[in-house]
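Residue strings, one per chain:
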Amino acid sequence: WGQGQGSSDEITALKYFVYILTPIWLINFIGTWYDIGVFPLGWLYWLYAFFVIAWAICVVVAGLRRVVQVPGDCALRAMRAIQLLLVI
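What this report covers is the structure whose coordinates are included nearby.

The rules behind each value
Residues numbered from 1 in each chain as written. Predicted model: local features only at pLDDT ≥ 70, side-chain atom pairs only at ≥ 80, totals over all residues. Heavy atoms only, no water. Phe/Tyr/Trp six-rings, centres within 6.5 Å; stacked < 30°, edge-to-face > 60°. Helix = DSSP H or I, 4+ residues; strand = E, 2+ residues; numbered from the N terminus. Buried < 20%, exposed > 50% of the residue type's maximum accessible area, 1.4 Å probe, protein only.

Another aspect to go through is the packing of aromatic side chains. Here a ring pair, both rings aromatic, is described through the centre-centre distance and the interplanar angle of the planes. Evaluation of the coordinates by the stated rule reveals 5 aromatic pairs. Between the aromatic rings of Tyr34 and Tyr45, the centroid separation amounts to 3.9 Å while the plane-to-plane angle is 15 degrees, which identifies the pairing as stacked. In this pair, Tyr34 is assigned in helix H1 (residues 8-36) and Tyr45 in helix H2 (residues 43-67), connecting sequence segments 11 residues apart. Owing to a relative accessible area of 29%, Tyr34 belongs among the partly exposed residues under this scheme. The interplanar angle of 65 degrees and the centroid separation of 5.6 Å between the aromatic rings of Phe50 and Phe51 together place this pair among those described as edge-to-face. By relative accessible area, Phe50 is classed as exposed at 52%. Ring pairs connect the aromatic residues Tyr34, Tyr45, Trp46 and Tyr48, which therefore count as one cluster.

Structural data, given as structure tokens:
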């Protein structure tokens, strides 16, 4: 089972930590500082909010591969259609 290589579960857990949990922690950290008034952001907060929403959409669209795992052209087309609807 490949003793020298990381298993698929380990890689999936690491990707989840790096691409999902860490950004959520940073988003919450900055949002908390904004809420308690540590630093005023003004219009930068709206730019920050836009990037948070864009990141969330990208994560959902990329994560659809895990939801739609049926092989074949029909499943691929269905996944692309769902991704398109989410972006619109």
